[in-house]
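Listed below, chain by chain, are the residues.
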Amino acid sequence: DDFGAGLSVTANFKNYEKSSVVKFEIIDPDGLTIYENSKFIKESQAVLLINVTKPKLWWPNGYGKPHLYDVKLAFEVGGKVSDTEAFKSGVRQMDVRFDQSPEPGEKADPERLNLYINGQRFVSFGGNWGLPEHLLGYREREYDIAVRNHADMNFTMIRNWVGQIYDKEFYEAC
């Protein structure tokens, strides 16, 4: 397919200098830099909008490879790096809609909510996580093991109950 994806990266920060610059770098799953640019910072937010042709898509567990891009940000003041941030991000399209027609062999149900990832119907299976994991003092190793166990059970989603898990290691394991 000859398609593209619009990507948006927003960086929020406190900027006290007029000579500040933010540098953006996006690296594809094969290790190739697909975007690199700098922007002068005038406000407390910098927004990057780019189009990626033929992106490698992120897929949920059991639906395909979860291709991830590396995103790197560097903040410079007076030509010196003052802060950096790096994270992984997937490219995917998600739609939520009520379908009026049933799947083959099913009864019509106009109230049925369907999820679609990259145009393919997605059925979510998963479990709740919440305060107990946080109280156990989970860190990178424990999150890696627990998330792998969920994937081995063919779970496709983990519900962060009431948003009580905010550790970066949890999201990296996912």
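Below: a short report on this structure. Everything numeric here is computed off the predicted structure, so don't read it as measured data.

## Some thoughts on the packing of aromatic side chains
Step number 1: Scanning the model with the defined rule gives 7 aromatic pairs in all.
Step number 2: For the pair W129 and Y143, a centre-to-centre distance of 6.1 Å together with 25° between the ring planes defines the contact as stacked. Placement of the pair is W129 in strand β10 (residues 126-129) and Y143 in helix α2 (residues 140-152), with a sequence separation of 14 residues. An identical accessibility class is assigned to W129 and Y143; each is buried.
Step number 3: Where Y138 meets Y143, the ring centres are 5.5 Å apart and the plane angle is 70°; that geometry is what we call edge-to-face. Like Y143, Y138 is buried.
Step number 4: Taken together, the ring pairs connect W129, Y138, Y143, F170 and Y171 into an aromatic cluster.
Step number 5: Over the aromatic face of Y116 sits the side chain of R97, whose NZ or CZ is 3.6 Å from the ring centroid.

## A few points about the environment of S89
Step number 1: In this fold, S89 is placed in strand β6 (residues 80-89).
Step number 2: Taking relative accessible area as the criterion, S89 reaches 31% and is therefore assigned partly exposed.
Step number 3: Excluding residues within four positions of it along the chain, S89 makes contact with L68, Y69 and V71.

## Concerning the side chain of N118
Step number 1: Tracing the backbone through its elements, the reader meets N118 in the loop between β8 (113-117) and β9 (120-122).
Step number 2: Excluding its chain neighbours within four sequence positions, the residues that come into contact with N118 are L57, W58, W59, R92 and Q93.

## Remarks on the sheet that holds strand β7 (residues 94-98)
Step number 1: Spatially, the 3 strands line up as an open sheet ordered β7-β8-β9, and their pairing is antiparallel. At either end of the open sheet lies a strand with only one pairing partner, and these are β7 and β9. Going from strand to strand, the sheet's axes swing by 40° on average, the running direction of each strand aside.
Step number 2: Of the pairings in the sheet, the one linking β7 to β8 comprises 5 bridges and is antiparallel in character.

## With respect to the pattern of salt bridges
Step number 1: In this structure the tally under the stated criterion is 7 salt bridges.
Step number 2: K23 is paired through a salt bridge with E76; the nearest N and O atoms lie 3.1 Å apart. With K23 in strand β2 (residues 20-27) and E76 in strand β5 (residues 69-77), this residue pair connects regions lying 53 residues apart in the sequence.
Step number 3: Given the relative accessible area of 36%, K23 is considered partly exposed.
Step number 4: Note on E76: relative accessible area 15%, which makes it buried.
Step number 5: Bridged by salt links that share partners, the residues R139, D167 and E169 form one connected network.

Reading the values: the criteria
- Residues numbered from 1 in each chain as written.
- Predicted model: local features only at pLDDT ≥ 70, side-chain atom pairs only at ≥ 80, totals over all residues.
- Heavy atoms only, no water.
- Phe/Tyr/Trp six-rings, centres within 6.5 Å; stacked < 30°, edge-to-face > 60°.
- Helix = DSSP H or I, 4+ residues; strand = E, 2+ residues; numbered from the N terminus.
- Buried < 20%, exposed > 50% of the residue type's maximum accessible area, 1.4 Å probe, protein only.
- Lys NZ or Arg CZ within 6 Å of the ring centre and 35° of its normal.
- Contact = heavy atoms within 4.5 Å.
- Pairing = 2+ DSSP bridges.
- Axes fitted to C-alpha atoms, helices over the stretch in contact; angles between N-to-C directions.
- Salt bridge = Lys/Arg side-chain N within 4 Å of Asp/Glu carboxyl O.

Purely geometric numbers; function is a separate question.
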